[in-house]
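Working through the structure, step by step
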Amino acid sequence: QVHLVESGGGLVQTGGSLRLSCAASANIFSFNAMGWYRQAPGKQRELVATLTRAGWVNYADSVKDRFTISRDDAKNTVYLEMNSLKPEDTAVYYCKGEAAVGYWWGQGTQVTVSS
């Protein structure tokens, strides 16, 4: 069974930074894409950033130029570096791994940005 374990969430002030990590129990080469999603209270889960096996990235307009998704294949880990954080970024952030046979979600990590 594939497990995705997230870490790095926390409480930061507006303008601060956080780096989220998602460690996979499987070789991330096995995934067609890795992604970060977030869900704020009362709202639907939304895509934040994706990274394909080939290295292509995609970001939500709301986080472009502030967030960076990356991976370390040796560590089977995908990262989300978040800079210039805003209160609107407050949400539970989830890691997702996508493969031909299915997809897997991490447990989520809380990010709270205070003003």
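Structure: see above.
Residues numbered from 1 in each chain as written. Predicted model: local features only at pLDDT ≥ 70, side-chain atom pairs only at ≥ 80, totals over all residues. Heavy atoms only, no water.

Counting 30 residues, the largest nonpolar core has W36, L80, M82 and Y93 as the members making the most contacts within it. Counting only elements with at least two residues in this core, the list comes to strand 3 (18–24), strand 4 (33–39), strand 5 (46–52), strand 7 (67–72), strand 8 (77–82), strand 9 (91–99) and strand 11 (109–114). (Core = buried A, V, L, I, M, F, W, Y, C linked by side-chain atoms within 4.5 Å. Buried < 20%, exposed > 50% of the residue type's maximum accessible area, 1.4 Å probe, protein only. Helix = DSSP H or I, 4+ residues; strand = E, 2+ residues; numbered from the N terminus.)

What follows deals with unusual backbone geometry. Even without glycine at this site, D65 takes up a positive phi of about 75°. Turning to its location among the elements, D65 is positioned in the loop between strand 6 (57–59) and strand 7. Note on D65: relative accessible area 84%, which makes it exposed. Within the chain, N76 stands out as a residue other than glycine whose phi angle is a positive 50°. Note that N76 resides in the loop between strand 7 and strand 8.

Take the packing of aromatic side chains next. Under the counting rule described, the total for this entry stands at 3 aromatic pairs. Between F31 and W104, the aromatic rings sit 5.9 Å apart at their centres with planes inclined by 75°, giving edge-to-face as the arrangement. Here F31 is found in the loop between strand 3 and strand 4, whereas its partner W104 is found in strand 10 (residues 102–105), with 73 residues between them in sequence. Relative to W105, the ring of Y94 has its centre 6.3 Å away and its plane inclined at 85°; by these criteria the two rings are edge-to-face. One end of the pair, Y94, is in strand 9; the other, W105, is in strand 10, and 11 residues separate them in sequence. What makes Y94 buried here is its relative accessible area of 13%. (Phe/Tyr/Trp six-rings, centres within 6.5 Å; stacked < 30°, edge-to-face > 60°.)

The buried count for strand 4 comes to 6 of 7 residues, which makes it a mostly enclosed element. Of the strand pairs in this sheet, strand 4 and strand 5 are connected by 6 bridges, and their pairing is antiparallel. Looking across to strand 5, one finds that G35 is bridged to T50. Two successive antiparallel strands, strand 4 and strand 5, enclose a turn made up of 6 residues, where G42 displays a positive phi of approximately 75°. (Pairing = 2+ DSSP bridges.)

On to the pattern of salt bridges, then. Summed over the entire model, instances satisfying the criterion amount to 7 salt bridges. In this structure, the salt-bridge partner of D73 is R71, at a minimum N-O distance of 3.3 Å. Across the salt bridge formed by D72 and K75, the nearest N and O atoms sit 3.5 Å from each other. In this structure D72 comes out as partly exposed when scored by relative accessible area, which is 22%. The structure contains a network of salt bridges with shared partners spanning R38, E46, R66 and D89. (Salt bridge = Lys/Arg side-chain N within 4 Å of Asp/Glu carboxyl O.)

Glancing now at the sheet that holds strand 7. Spatially, the 4 strands line up as an open sheet ordered 1-3-8-7, and their pairing is antiparallel. Either end of the sheet is taken by a strand with one partner, and the two such strands are strand 1 (4–7) and strand 7. Adjacent strand axes in the sheet meet at a mean angle of 15°, parallel and antiparallel pairs treated alike. (Axes fitted to C-alpha atoms, helices over the stretch in contact; angles between N-to-C directions.)

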